[in-house]
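Fold and geometry: a report
Given next are the chains, with one letter for each unit.
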Amino acid sequence: MTQYSLSIDGKEVVADENYDPKQGIQYTAADGSELSITLDDVEVGDQLTLNPAQSINIFDSLQDAIDNAEKPTSSAAAEATLQRVIDDIDSSFVHVSQRRSEVGTIMQQVERQQDQHLDFELTLNTAQSGLEDLDYSKAIMEMNQQMMALQASQSAFSKTKQLSLFNYL
């Protein structure tokens, strides 16, 4: 039976495990990330190196897809390349969707702030207009009327407060 070892960043994490072609290589890291690889036609001495992509250029991925679409996919290398291109395009789509969502959220916040600013500006303009366009003689007359109404209501309240059932009888 064929055996395999798994190294991550030069540190061996799995040593001399039996390789089952039906199950493949299953590994779960301490952070919870999982690795699952199934290989066909594994022979003694085969090596597989996986390196994470640092960044993906969606236009290069599209060009690779176009180039690989014209080639036959009869070899395992061609199939792997085509699968990588599909995965890259899928990852790019997810990334673009996430960024679009983030931008939409930020735009909503900006619109909300803008609406609040416009409401506050309207309130300030109304207050400013009320102060600048004030007819002082009319305002004094209204204030005097309101003061007289307040005094009358206070006087009525105090007289009503002093009344009791005994005073009424």
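The structure displayed is predicted, hence computed values, not measured ones.

Thresholds, definitions, all that
Residues numbered from 1 in each chain as written. Predicted model: local features only at pLDDT ≥ 70, side-chain atom pairs only at ≥ 80, totals over all residues. Heavy atoms only, no water. Helix = DSSP H or I, 4+ residues; strand = E, 2+ residues; numbered from the N terminus. Rg over C-alpha atoms; globule rule 2.2 N^0.38 Å. Buried < 20%, exposed > 50% of the residue type's maximum accessible area, 1.4 Å probe, protein only. Contact = heavy atoms within 4.5 Å. Areas by Shrake-Rupley, 256 points an atom, 1.4 Å probe, with all protein chains shown as cover. Lys, Arg positive; Asp, Glu negative; His and termini not counted. Charge placed at Lys NZ, Arg CZ, Asp CG, Glu CD. Expected span 1.5 Å × (residues − 1). Salt bridge = Lys/Arg side-chain N within 4 Å of Asp/Glu carboxyl O.

Before going further, it helps to spend a moment on the overall build of the chain. When you go through the chain residue by residue, the secondary structure sums to 4 helices and 4 strands. For the chain, the succession of helices and strands along the chain, N to C, is β-β-β-β-α-α-α-α. Computed over C-alpha atoms, the radius of gyration of the chain comes to 40 Å, more than 25% over the 15 Å expected from 2.2 N^0.38 for 169 residues, which places it beyond the range of a compact globule. The dimensions of the chain, computed from C-alpha atoms along their principal axes, are 115 × 50 × 30 Å. Counting across all 169 residues of the chain, residues that qualify as buried make up 8%. The contacts in the chain between residues at least 6 apart in sequence include a share of 16% that link residues at least 24 apart. With the model as given, the accessible surface of the chain reaches about 15,000 Å², and the carbon-plus-sulfur share is 54%. Of the side chains in the chain, 10 bear a positive and 28 a negative charge, and the two mean positions are spaced by 17 Å.

Now for helix α2 (residues 76-132). Helix length check: α2, at 57 residues, gives a terminal C-alpha distance of 82 Å against a target of 84 Å (1.5 Å per residue), a fit within 8%. Those residues of α2 that fall on the buried side of the exposure criterion are Ala-78, Val-85, Asp-88 and Ser-92.

Let's shift gears to the pattern of salt bridges. Counting across every chain of the model gives 3 salt bridges. In this structure, the salt-bridge partner of Asp-88 is Arg-84, at a minimum N-O distance of 3.0 Å. Taken together, the residues span about one helical turn, with Asp-88 and Arg-84 both in helix α2 at a distance of 4 residues. Taking relative accessible area as the criterion, Asp-88 reaches 13% and is therefore assigned buried. The class of Arg-84 is partly exposed, set by a relative accessible area of 38%. With a closest N to O distance of 3.0 Å, Glu-102 and Arg-99 form a salt bridge. Here Glu-102 pairs with Arg-99, and both are found in helix α2, just 3 residues apart, close to one helical turn. By relative accessible area, which is 42% here, Glu-102 ends up partly exposed. Exposure remark for Arg-99: the relative accessible area of 36% places this residue in the partly exposed category. Salt bridges sharing partners connect three or more residues here, namely Asp-64, Arg-84 and Asp-88.

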